[in-house]
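Structure assessment
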Amino acid sequence: MVATRTETITADDGATFDGFVALPDGGTGPGVLVIQEIFGVNQYIQQVCRRLAALGYVALAPDCFHRQGAGFAVDRTGPEAIGEGVGKASKHDGARGVADLGSALAHLRGLPEVGGRKVGVTGFCFGGLMTYLVAKNFDPDAAVSYYGSNIANMLDGVAEKLTCPILFHFGDNDPFLPNKDVDRIREATAAMANVTVNQYWMGGHAFDNTFSPFYQPYQATEAWGHTTAFFARHLG
């Protein structure tokens, strides 16, 4: 059974925030930072951490919205839940949030269970964008971004700053992320050997979220297979 605990992370400005940790049966392994959707470190994000721990990784999911109040997590899936998540995301300080994630990545690297092993990052929707920004700013050993919104508008310096191996997952039927944006990402990274862009037939938004009505088992299974192979290759 996967063991879990809560870690206290200290940001570069002295603020502290929680991180949910899931540990592999063996107790040690490479690390993966797991970045939430707009709904906080809810049961879905905790499940992702447990999935990774079952594969031998030490998974850490930080509370990204802690500066608006600690512990935000929404497990409902109705319109009111989306409104709560959008409300938090709209007030999120992007630059401060990326810095906090850099602190979380450093904290993960420092865990005794990681013990100097390689560390990756993955995230979903809001977390998919944050994964891309963490990869650009903090150079993890590998990154996997799921349907990250607004990446197409943040491609400045991509060739110079995005140096780690990174895998992008997108659906080709995502109402929140136009195919033309995915095309812009492909074009901007076409010459970069460290970048892979996958797009899934009839994939919508949040297709990996098993707790959501958006869940699509075929696309989720295929993407997760690529994710696990990618981390195994680059993290060990």
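The notes below deal with the structure included here. (Residues numbered from 1 in each chain as written. Predicted model: local features only at pLDDT ≥ 70, side-chain atom pairs only at ≥ 80, totals over all residues. Heavy atoms only, no water.)

**Some details on the overall build of the protein chain**
Across its full length, the protein chain carries seven helices and eight strands. Oriented by its inertia axes, the alpha-carbon framework of the protein chain measures out at about 40 × 40 × 35 Å. Buried residues in the protein chain amount to 53% of all 236 residues. Within the protein chain, counting contacts between residues at least 6 apart in sequence, those at least 24 apart form 67% of the total. Approximately 9800 Å² of the protein chain is accessible, and the part contributed by carbon and sulfur atoms is 54%. Side chains of the protein chain give 17 positive and 24 negative charges; the mean places of these two sets differ by 2 Å. (Helix = DSSP H or I, 4+ residues; strand = E, 2+ residues; numbered from the N terminus. Buried < 20%, exposed > 50% of the residue type's maximum accessible area, 1.4 Å probe, protein only. Contact = heavy atoms within 4.5 Å. Areas by Shrake-Rupley, 256 points an atom, 1.4 Å probe, with all protein chains shown as cover. Lys, Arg positive; Asp, Glu negative; His and termini not counted. Charge placed at Lys NZ, Arg CZ, Asp CG, Glu CD.)

**Let's talk about unusual backbone geometry**
The backbone of N150 shows a phi angle near 75°, a positive value even though the residue is not glycine. Take N150: it is sitting in the loop between strand 6 (142-146) and helix 5 (158-161). Of note, the phi angle at M202 is positive, near 60°, even though the residue is not glycine.

**Brief notes about helix 2 (residues 79-90)**
End to end, helix 2 covers 16 Å across twelve residues, agreeing with the expected 16 Å (1.5 Å per residue, within 8%). Within helix 2, burial applies to A81, G85 and K88. Seen along its axis, helix 2 keeps its buried residues to an arc of 60°; they face one direction. Facing away from the buried side of helix 2 by more than 90 degrees, the exposed set consists of P79 and S90. (Expected span 1.5 Å × (residues − 1). Arc of directions from axis to C-beta.)

**Observations concerning the pattern of salt bridges**
Scanning the model with the defined rule gives eleven salt bridges in all. In this structure, R5 and E113 form a salt bridge, with 2.9 Å as the shortest nitrogen-oxygen distance. With R5 in strand 1 (residues 3-10) and E113 in the loop between helix 3 (94-110) and strand 5 (119-124), the pair connects residues that are 108 residues apart, well separated along the chain. Judged by its relative accessible area of 14%, E113 is buried. With its nearest N and O atoms 3.0 Å apart, the salt bridge here joins D13 to R67. Of this pair, D13 sits in the loop between strand 1 and strand 2 (16-23) while R67 sits in the loop between strand 4 (58-62) and helix 2; the two residues are 54 residues apart in sequence, bridging distant segments of the chain. For D13, a relative accessible area of 43% puts it in the partly exposed group. One network of salt bridges, in which partners are shared, links D12, D13, R67, R96 and D100. (Salt bridge = Lys/Arg side-chain N within 4 Å of Asp/Glu carboxyl O.)

**Description of the environment of T196**
Here T196 lies in strand 8 (residues 195-200). Measuring from C-alpha to C-alpha, the distance between T196 and D75 comes to 31 Å, with 121 residues separating the pair along the chain. What T196 contacts, discounting residues up to four positions off in sequence, is I166, L167 and F168.

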